[in-house]
Amino acid sequence: MKTWFAGCLALLLSINVFADSDPKAVVEPLKIARDTFYQDVSKFKEGKLTEEELVVRISEQFAPLINDRTVALRVMGRFARQATEAERDRFTDRLESSLVDAYARGLAAYGGEQLVLPEEGVILKPGRAMVEARLESPGREALPIQFALGFEKDKGWMVENVVIAGINLGLTLRNQFADLVQSTGSVSGAIDSWSFESVSAN
Amino acid sequence: MYSRRLELSVGAFVLLGALCLAFLALEVSGLTQTGDAGSYRLSARFDNVAGLTTRAKVSAAGVTVGRVVGIRYDETTAGAIVDMEISQDFAQFSEDTSASILTAGLLGEKYIGLMTGGDPSNLKDGDVIYDTQSAIVLEELIGKFLLNMSSDK
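Rules of the game
- Residues numbered from 1 in each chain as written.
- Chains lettered and ligands numbered in written order.
- Predicted model: local features only at pLDDT ≥ 70, side-chain atom pairs only at ≥ 80, totals over all residues.
- Helix = DSSP H or I, 4+ residues; strand = E, 2+ residues; numbered from the N terminus.
- Contact = placed C-beta atoms within 7 Å.
- Domains from an automatic or database assignment.
- Axes fitted to C-alpha atoms, helices over the stretch in contact; angles between N-to-C directions.
- Parallel < 35°, antiparallel > 145°, perpendicular 65-115°, else oblique.
- Left-handed = near helix turned anticlockwise from the far one by under 90°.
- Nonpolar A, V, L, I, M, F, W, Y, C, P; charged D, E, K, R; others polar.
- pLDDT = per-residue confidence, 0-100.
- Core = buried A, V, L, I, M, F, W, Y, C linked by C-beta atoms within 7 Å.
- Buried ≥ 20, exposed ≤ 12 C-beta atoms within 10 Å, placed from the backbone.
- Pairing = 2+ DSSP bridges.

Caption draft 1: Up close: the overall build of chain B. The secondary structure content of chain B amounts to 2 helices and 8 strands. Written out in order from the N terminus, the α and β elements of chain B read α-β-β-β-β-β-β-β-β-α. Sequence separation of at least 24 residues holds for 66% of the intrachain contacts in chain B that already meet a minimum separation of 6.

As structure tokens, this is what we get:
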């Protein structure tokens, strides 16, 4: 009995150890999110879901895939070290809500684009990987998309940054946060003014 | 006597001019040594380093913090790895620091711009920066623009 238990424990531990270095495991959460997104969009087209319900569902599906805290710290950049813990929490919340707005706007502009994912990602080092995908649109050149992922012990692989056609989204948002700090005069002011509209307007 | 002194003055002036030109050339090409006591090595992975050369400047907030010491092809990611020597005086770059290939001046020389992030831990000797913005290739941009224009029609 003891041997059986020890064997099971060793197997579980080995799964956790190898999960952060398995190139196939990196792509899995992206595939699940993509396929669920397509299913929900078809339900919406069939009239089984309203637009609000669709946005809520997409936000719920994408939430466990995106490392909000890490993304928020990256976007705040050098100002994250000056900010208080409460300010960092507040910005994480604001970033989450601006992402929901972005999903809603993205859905409005969605024209049947297909995200083509590879079978495997590239493990850059233990706990850090990238996935080279492409977004195929009817009648347009495919857009290369690069996902940067980090491995969280309890949550698995999570997206930390996206590079679309060579444009580093995280870096662009970091510059926009710095601009907001400059225009509002403080980190707190920048957090208060952060919204999908303020970011896309810049 | 007067003629000899004049000749010497002209010679000295020409020599000074040549030295100034040599100094200017070294400064522009980034061949001068930083002269700091110690340095540590960081690398950055880019999709494209078009135009970047070894000994190019590495700067943060416009301040030169180091030099590019090597550029090599990375077969695993099919990208380029840029090795940089960073002065020990600038050891406060967070682990989520990003690196971008930027263009300076009218001559269009490329350099690397580092932008520190919010992670509480700092990069150490031998670490690799994966959060990067590659060089923009003009031909690719024009190609994309033309394709998008034709598909919009």
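What follows picks up the thread again.
Caption draft 2: Molecular detail of the overall build of chain A. Within chain A, the secondary structure is distributed over 9 helices and 6 strands. Long-range contacts, defined as pairs at least 24 residues apart, comprise 52% of the intrachain contacts of chain A with a sequence gap of at least 6.

Caption draft 3: Summary view of the domain arrangement of chain B. Domain assignment breaks chain B into domain 1 (1-32) and domain 2 (39-143). Each of domain 1 of chain B and domain 2 of chain B has a C-alpha centre, and the two are 36 Å apart.

Caption draft 4: Molecular detail of the packing of helix 3 (residues 51-62) of chain A against helix 6 (residues 85-109) of chain A. All names here are of chain A. Packing of helix 3 against helix 6 leaves a shortest axis separation of 10 Å and a crossing angle of 125°. The angle between the axes of helix 3 and helix 6 places the two elements in the oblique class. In the packing of helix 3 onto helix 6, the handedness of the crossing is right-handed. Here helix 3 contributes Leu-54, Val-55, Ile-58 and Ser-59 to the contact with helix 6, which in turn contributes Val-100, Tyr-103, Ala-104 and Leu-107. Along the lines of polarity and charge, the residues of the contact of helix 3 with helix 6 split into 7 nonpolar, 1 polar and no charged.

Caption draft 5: Structural view of the packing of helix 4 (residues 68-76) of chain A against helix 7 (residues 169-184) of chain A. Residues and elements named next belong to chain A. Look at helix 4 against helix 7: their axes get within 7 Å of each other, and the N-to-C directions meet at 55°. One finds that helix 4 runs oblique with respect to helix 7. For the pair formed by helix 4 and helix 7, the contact residues are Val-71, Arg-74, Val-75 and Met-76 on the first element and Gly-170, Leu-173, Arg-174 and Phe-177 on the second. The class makeup of the residues in the contact of helix 4 with helix 7 is 5 nonpolar, 1 polar and 2 charged.

Caption draft 6: Fine view of the confidence of the model for chain A. Residues and elements named next belong to chain A. Here chain A averages 84 in pLDDT, while 88% of its residues score no lower than 70. Element-level pLDDT for chain A is lowest in helix 1 (residues 2-19), with a mean of 48, against a maximum mean of 93 in helix 8 (residues 187-193). Confidence over residues 8-17 falls short of pLDDT 50; this stretch has 0 contacts with residues more than four positions distant or in other chains.

Caption draft 7: Highlighting unusual backbone geometry. Even without being glycine, Ala-165 of chain A reaches a positive phi, approximately 50°. You can see Ala-165 of chain A is positioned in the loop between strand 5 (156-164) and strand 6 (167-168).

Caption draft 8: Representation of the interface of chain A and chain B. Tallying the contact residues gives 20 residues for chain A and 20 residues for chain B. In terms of residue class, the side of chain A that touches chain B is made up of 7 nonpolar, 6 polar and 7 charged.

Caption draft 9: Geometry of the nonpolar core. In this structure, Val-131 of chain A together with Val-82 and Ile-112 of chain B are the most contacted members of the largest nonpolar core, which totals 37 residues. Excluding anything up to four places from it in sequence, Val-82 of chain B contacts Ser-43, Ala-44, Phe-46, Val-49, Leu-52, Val-68, Ile-71 and Ile-112 of chain B. In this structure, Ala-72, Phe-79, Leu-180 and Trp-194 of chain A belong to the second largest nonpolar core, which totals 18 residues.

Caption draft 10: How the structure looks around the sheet that holds strand 3 (residues 63-74) of chain B. Residues and elements named next belong to chain B. Across the sheet, 8 strands lie side by side as 7-1-4-3-2-6-5-8; this open sheet has mixed pairing. Since the sheet does not close on itself, it has two edges, and those belong to strand 7 (128-129) and strand 8 (132-133), each with one partner. The sheet contact formed by strand 5 (residues 98-104) and strand 6 (residues 109-115) spans 7 bridges and is antiparallel. Across the sheet, Ile-101 pairs through a bridge with Ile-112, a residue of strand 6.

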